[in-house]
Amino acid sequence: MGHADSLLAMGGAFLAAAFLARLGGRIGLPTIPLFMLAGILLGPHTPGLVIVQDAHDFEMVSALGLVLLLFYLGLEFHLDDLKDGGRRLLTAGGIYLVLNVGAGLGFGFALGWGVREALVLAGVLGISSSAIVTKVLIDLGRIGRPETRLILGVIVVEDIFLALYLAALQPVISGAQGVGDMVLQGSKAFGFLLLLAAAARYGTKLVGRLIAARDNELLVISFLGVAVLVAGVSEVLGVADAIGAFMVGLILAGTPSGPRIRDLVHPLRDAFAAIFFFAFGLSIDPGDIVSVVGPVAAAAALTLVMNVLAGLLVARVYGYGIEPAAEIATTLVARGEFALILAAMAAGAGLDARLAPFIAGYVLVLAVLGPIAAGRAHLLAHALRAGQGFLPGRTAPAPEPEPEHAAPSAAPEPAEAERQVRCCALGPISPTRKS
């Protein structure tokens, strides 16, 4: 692809993604499946206008989008997140992971595509989309509700699990020869992660001084350089590049420059992540999705059932009533960016060719069904009432008064709201609303 062709393709990709996202926004659809759809429609596998003949032409920009996605996620964390959330939060997250990851692993083996493919599917079916869930909470005005803390707390547990899971999965799907080679690769990967974790725990003051800059331009160049460099080193050592970027975000989150970095990287993340999803759509042949429509439908139904079951169990642990239980059960259904990260890893490892179209179809279905299910949680609440008493009938402790600014009607701008819901995810969670 020539220089002019590259610019035309890149500009067309951005505009097509923006156009479809604007249309979808009018009917409440999230952006991730629409970015993918733009790639499918303008790629080489569909008739009509084709702006990119080969998805590999976007490979570097797509990789940068993935790095920035996980880098931003790391910025949203602190190492004390899980400790501050308490044992009940770990229990809630564990329930979701055991049910959904376990169901995904069993589903993968049932398909018979292979052991490595089943391990990928366990992560695909097991991890909710932070981006879509956060957007749903903002759009539905649920930021100030007590159960939102629990929902976002579960996402925190899932995200940290994903980081560890990707690190463990990399040597397995990359084709390590024998147990010894797998152990060696795994040891290098976890050794590198432990080094970065130690830097995040003990080296933030030093890193903060090294990266500090009053000028925003210098700060952007500095943190991008560190994130991309460490991502590259991670890839060399057998750790997914995105996980290296996640750990850099974790380190920089604890520095005085952390809040500024988060604000500065936010638009970069949005722009290049759009290209990541667009490029994934380019690689998908709609005919391949048709060939796996049965497994996609089965996986989507399985995810709905397991998420409702997990949500109701978690609500029971916390003593919530029917209405908040229904909201918890339906909000975490959506799948998105993390499933596509696993799909990209699987494609690079040369796994079963059916895996990529399956994941694409699965993400498209659940990225659309997730917000719809969350917006119609009242239907599940009606069904639960008809079922008479799955949830405990005891009375919850009296609710603490909510601050006025937390009312759903006072929802902030999306970027600020995203920070608020992530920050409040790990605070004390008290069962307040009972039916």
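So, how was this worked out
Residues numbered from 1 in each chain as written. Predicted model: local features only at pLDDT ≥ 70, side-chain atom pairs only at ≥ 80, totals over all residues. Heavy atoms only, no water. Core = buried A, V, L, I, M, F, W, Y, C linked by side-chain atoms within 4.5 Å. Buried < 20%, exposed > 50% of the residue type's maximum accessible area, 1.4 Å probe, protein only. Helix = DSSP H or I, 4+ residues; strand = E, 2+ residues; numbered from the N terminus. Contact = heavy atoms within 4.5 Å. Salt bridge = Lys/Arg side-chain N within 4 Å of Asp/Glu carboxyl O. pLDDT = per-residue confidence, 0-100. Phe/Tyr/Trp six-rings, centres within 6.5 Å; stacked < 30°, edge-to-face > 60°.

Student: Describe the nonpolar core, with residues and values.
Tutor: Buried together is how nonpolar side chains tend to be arranged in soluble globular proteins. Of all hydrophobic cores here, the largest spans 123 residues; its most connected members are Phe71, Val120, Phe223, Phe277, Phe358 and Ile359. The greatest single-element share of this core, amounting to 13 residues, is contributed by helix 8 (residues 146-173). Not counting residues within four places of it along the chain, the set of residues in contact with Phe223 comprises Phe71, Ile211, Leu252, Ile261, Leu264 and Val265. In terms of nonpolar packing, the next biggest core, distinct from the first, is built from 15 residues, Ala16, Ala38, Phe58 and Ile275 among them.

Student: Describe the pattern of salt bridges, naming the residues involved and giving the relevant values.
Tutor: Counted by the stated rule, this structure contains three salt bridges. For the salt bridge of Arg385 with Glu323, the shortest nitrogen-to-oxygen distance reads 3.0 Å. In this pair, Arg385 sits in helix 19 (residues 377-387) while Glu323 sits in helix 16 (residues 322-331), placing the two residues 62 residues apart along the sequence. For the salt bridge of Asp352 with Arg354, the shortest nitrogen-to-oxygen distance reads 2.8 Å.

Student: Which residues make up the confidence of the model for the chain, and what values do they have?
Tutor: Averaged over all residues, the pLDDT of the chain equals 80, while 83% of them reach at least 70. Below a pLDDT of 50 lies the segment residues 390-414, which in the model reaches 31 contacts outside its immediate sequence neighbourhood of four places, other chains included. With pLDDT under 50 throughout, residues 423-435 is counted as low confidence; its partners more than four residues away or in other chains account for 45 contacts.

Student: Lay out the packing of aromatic side chains with the relevant residues and their values.
Tutor: Inspection of the entire model under this criterion finds eight aromatic pairs. Between Tyr318 and Tyr320, the aromatic rings sit 6.3 Å apart at their centres with planes inclined by 25°, giving stacked as the arrangement. On the basis of relative accessible area, Tyr318 is assigned to the buried category, the value being 3%. On the accessibility criterion, Tyr320 (0% relative accessible area) is buried. Here the aromatic cluster, defined as three or more aromatic residues joined through ring pairs, consists of Phe107, Trp113, Phe358 and Tyr362.

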